[in-house]
Amino acid sequence: MTRCSHTDQIEITELPAEVAGCAECLADGGVWLHLRICLTCGHVGCCDDSPAKHATAHARGTEHPIIRSLEPGEEWCWCFEDEVGMLIPQIKGRTKIPPSPMLSR
Ligand SMILES: [Zn+2]
Ligand SMILES: [Zn+2]
Ligand SMILES: [Zn+2]
């Protein structure tokens with residue numbers, strides 16, 4: 001089984017109390033389905049089921065390898081480099097997120 005070798009790039013171990021949504025979608029007037037946070041810099045982007053896939057775009061553009069889901073009840077992380085999912089118990093906190101603009105209209 002593949003193991004992630006990038007956990008030394010995790011800088012965010014405390015999740016923000018609240019986020020407004022996907023950073024780029026908010027700037028562009030776009031919509032997102034689910035939110036992911038970059039564990040290197042804290043960038044909030046949208047998932048691959050969202051039209052613009054900003055979380056993946058952020059990872060590719062910055063080489064920040066690991067995201068964590070911000071969806072309620074979801075604690076999984078994903079490494080884009082190793083393409084492996086994992087749980088990282090060191091990440092603390094729970095983030096309040098707004099409802100998806102794709103679902104609420
Ligand atoms: Zn990795
Ligand atoms: Zn987005
Ligand atoms: Zn980042």
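Our structure's up above, just so we're on the same page.
For the structure given in this document, a descriptive report is provided here. (Residues numbered from 1 in each chain as written. Chains lettered and ligands numbered in written order. Predicted model: local features only at pLDDT ≥ 70, side-chain atom pairs only at ≥ 80, totals over all residues.)

**Re the pairing of strand β5 (residues 84-87)**
Summarising the sheet, strand β4 (residues 76-79) and β5 pair through four bridges and their orientation is antiparallel. Of the residues in β5, the one forming a bridge with Trp78 is Gly85. (Pairing = 2+ DSSP bridges. Helix = DSSP H or I, 4+ residues; strand = E, 2+ residues; numbered from the N terminus.)

**Brief notes about the pairing of β4**
Looking at chain direction, strand β3 (residues 66-69) and β4 are connected through three bridges and run antiparallel. Bridging across to β4, Arg68 finds its partner in Cys77. Turn length for the β3-β4 hairpin, with the two strands adjacent in sequence and antiparallel, is six residues, and the turn residue Gly73 shows positive phi of about 85°.

**Quick word on the nonpolar core**
In terms of nonpolar packing, the biggest core is built from 20 residues, with Cys22, Leu35, Ile37, Leu39, Cys46, Ile66 and Ile67 touching the most fellow members. Contributing elements (two or more residues each) for this core: β1 (35-38), β2 (44-46), α2 (54-62), β3 and β4. With residues near it in sequence (within four places) discarded, Ile67 still touches Arg36, Ile37, Cys38, Leu39, Ala55, Ala59, Cys77 and Trp78. (Core = buried A, V, L, I, M, F, W, Y, C linked by C-beta atoms within 7 Å. Buried ≥ 20, exposed ≤ 12 C-beta atoms within 10 Å, placed from the backbone. Contact = placed C-beta atoms within 7 Å.)

**What about the environment of Trp78?**
Relative to the elements of secondary structure, Trp78 occurs in strand β4. By the C-beta count within 10 Å, which is 21 here, Trp78 ends up buried. Residues Trp78 and Lys96, spaced 18 residues apart in sequence, show a C-alpha to C-alpha distance of 20 Å. Residues in contact with Trp78, not counting those within four places in the same chain, are Ile66, Ile67 and Gly85.

**A word on α2**
Along α2, the positions that sit buried rather than exposed are His54, Ala55, His58 and Ala59. Looking straight down α2, one finds that the buried residues subtend no more than 140° of arc, so they occupy a single side. Of the residues in α2, the exposed ones pointing more than 90 degrees away from the buried face are Arg60 and Gly61. The elements touched by buried residues of α2 are α1 (23-28), β1, β2 and β3. Phi for Glu63, located one or two positions after α2, is positive at around 60°. (Arc of directions from axis to C-beta.)

**Describing unusual backbone geometry**
Non-glycine residue Glu63 carries a positive phi angle of around 60°. The residue Glu63 is located in the loop between α2 and β3 in this model. For Glu63, a count of 12 C-beta atoms within 10 Å puts it in the exposed group. At Glu83, a position not held by glycine, the phi torsion is positive, near 50°. Take Glu83: it is sitting in the loop between β4 and β5. Classification of Glu83 as exposed rests on a count of 9 C-beta atoms within 10 Å.

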